[in-house]
Amino acid sequence: MHHFHYRKNELYCEDVPISSIAKKVGTPFYVYSYATLKQHFDAFDGAFSDVGHLTCYSMKSNSNKALLALFAGRGGGVDIVSGGELYRALNAGVDPIKIVFSGVGKSLSDLEYAVTSEILMFNVESPQELLKLNQVALNSGRKARISIRVNPDVDPKTHPYISTGLKENKFGIGVEEALLQYEKAATLDGLDVVGVSCHIGSQLTQTSPFVDALRKLKKLIEQLVRMGISICYLDLGGGLGITYDNEAPPHPKEYAQDIKSELASSDWTLILEPGRVIVGNAGILITKVLYAKTSYDKNFFVVDAGMNDLMRPSLYGAYHGIQPVKQTPGEKLTADIVGPICESGDFLAKERLVDPLAPDDLIAVMSAGAYGFSMSSTYNSRPRVCEVMVKGDRFEIIRQRETFEDLVRGESIPDFF
Ligand code: LLP
């Protein structure tokens, strides 16, 4: 359920007509629905309410401060993958004791920052990282709580670029090796072994790969117990998919049920790192038609948002629904929706049946709340777009549109020229 709908042929976000936002902020822009974000967070978090758990929103999917503050206010933590994300999270008021840190390439300064911030747990992804983290902790006179991110070698049956738990993927440590690393970690004075973690991929539309991974982790934990290492956190990562087109992913309730029944009466605190399922369908990208043209019988609508603003179609061939902001009568036509960037890979939709559009018409690119703005860039020197939050009949800019001055900030021409 999301709160983007038509009233008298006009697209609204909650009680605000999209066209009135466009009038105020210009185009392109991302707009998020507060009610949808809240509902999605609560549905996910609530599905685990009968077990000890912590929902650590995966902020790489959308790291705007306003969203972080909203989820933190509802009891959520975050999953981070960089010092920058830690900074954003702390800046938005997220409690450090609700932050988990994953990632194969945590730098020394990232580790130092997170150790001194006293976050909940580091999901360690290599033997060398384990040693580096131990050293950082010792240097700061603290203990770092760790889990090892295990690569369980299960097939998440999703796009290869977003599969992360197969043995050929760079993520985590294989099950056998993980056992040895746990043994090692238990001897290191800077570390406190508290958990086991995994993340097998993104946009999963079935629960069976999650359950398969969980079974492998349970076996590993049994072996750890036999070695005298006890675990209190079980971090299952994120990955639950959403409907972009006609996918039918499980409801969070169903996902939670399958996980909980596999856990039976264990007393681990579950950590979950959902990203897309919370924000994906809570945001859309609004763009304006610049030109309509037909070239060799092929119809194109050139719009003012491009692959730099929403990279998913170019990068993964991802599908995003295209909807008119004002529905117009008339025969639909098949067209490509393309951006202004100088690359043929710059498209938002291909061969799509759309309303007859004309210059200045607004269109909505649907399901763009996750990995939309957060993956955007300034390629072709295009300032990043603004982000807007709607709540009821009100809206507010939650990130200003960047300016041309922003584009050159920090650049300089060397004196030796
Ligand atoms: N935890 C970890 C360690 C992750 O790497 C990810 C996503 C998540 C949680 C959240 O996964 P989610 O619940 O959002 O599926 N840019 C791609 C998605 C990349 C996902 C990377 N990791 C896309 O646009 O589809």
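Structural notes, computed from the coordinates. (Residues numbered from 1 in each chain as written. Predicted model: local features only at pLDDT ≥ 70, side-chain atom pairs only at ≥ 80, totals over all residues. Heavy atoms only, no water.)

Around the ligand lies a shell of 19 residues, among which Ser202, Glu273, Arg312, Tyr316 and Tyr371 are the nearest. Here an oxygen atom of the ligand and a backbone polar atom of Gly275 are 2.9 Å apart. Arg312 places a polar side-chain atom, nitrogen or oxygen, 2.6 Å from an oxygen atom of the ligand. Against a free-state accessible area of 590 Å², the protein chains account for coverage of 92% of the ligand. Each residue belonging to the shell around the ligand can be placed in one class, and the counts come to five nonpolar, eight polar and six charged. Each of domain 1 (4-32 + 280-408) and domain 2 (34-277) contributes no fewer than three residues to the shell around the ligand. (Near = heavy atom within 4 Å. Polar contact = N/O pair within 3.5 Å; in protein donor to acceptor, adjacent residues only side chain to side chain. Areas by Shrake-Rupley, 256 points an atom, 1.4 Å probe, with all protein chains shown as cover. Nonpolar A, V, L, I, M, F, W, Y, C, P; charged D, E, K, R; others polar. Domains from an automatic or database assignment.)

Spatially, three strands are ordered 1-2-3 in an open sheet, and the strand pairing comes out antiparallel. For this open sheet the edge positions go to strand 1 (4-7) and strand 3 (16-17), each flanked by a neighbour on one side alone. With two bridges joining them, strand 2 (residues 10-13) and strand 3 adopt antiparallel strand pairing. Along strand 3, the bridge assignment pairs Tyr12 with Pro17. (Pairing = 2+ DSSP bridges. Helix = DSSP H or I, 4+ residues; strand = E, 2+ residues; numbered from the N terminus.)

If you want to describe how two helices pack, look at the angle between their axes and the distance between the axes. Relative orientation of the contacting elements helix 2 (residues 34-46) and helix 3 (residues 65-73) amounts to 45°, with a least axis distance of 10 Å. As judged from the angle between their axes, helix 2 and helix 3 are oblique. Handedness of the crossing formed by helix 2 with helix 3: right-handed. Here helix 2 contributes Tyr34, Leu37, Lys38 and Phe41 to the contact with helix 3, which in turn contributes Leu67, Leu70 and Phe71. (Axes fitted to C-alpha atoms, helices over the stretch in contact; angles between N-to-C directions. Parallel < 35°, antiparallel > 145°, perpendicular 65-115°, else oblique. Left-handed = near helix turned anticlockwise from the far one by under 90°. Contact = heavy atoms within 4.5 Å.)

Attention shifts here to the packing of aromatic side chains. Where two aromatic rings form a pair, the distance of their centres and the angle of their planes describe that pair. Under the defined criterion, the tally for this structure stands at ten aromatic pairs. Seen in terms of ring centroids, Phe210 and Tyr255 are 5.0 Å apart; in terms of plane orientation they differ by 80°. Their pairing is edge-to-face. Here Phe210, found in helix 8 (residues 208-226), pairs with Tyr255, found in helix 9 (residues 252-263); they are 45 residues apart in sequence, far enough to count as distant. The residues Phe210 and Tyr255 share a single accessibility class, namely buried. The rings of Phe44, Phe48, Phe210 and Tyr255 are connected pair by pair, giving a single aromatic cluster. Taking the ring centre of Tyr12 as reference, the NZ or CZ of Arg7 above it sits at 4.7 Å. Over the ring of Phe101 we find Lys106; its NZ or CZ atom is 5.5 Å from the centre of that ring. (Phe/Tyr/Trp six-rings, centres within 6.5 Å; stacked < 30°, edge-to-face > 60°. Buried < 20%, exposed > 50% of the residue type's maximum accessible area, 1.4 Å probe, protein only. Lys NZ or Arg CZ within 6 Å of the ring centre and 35° of its normal.)

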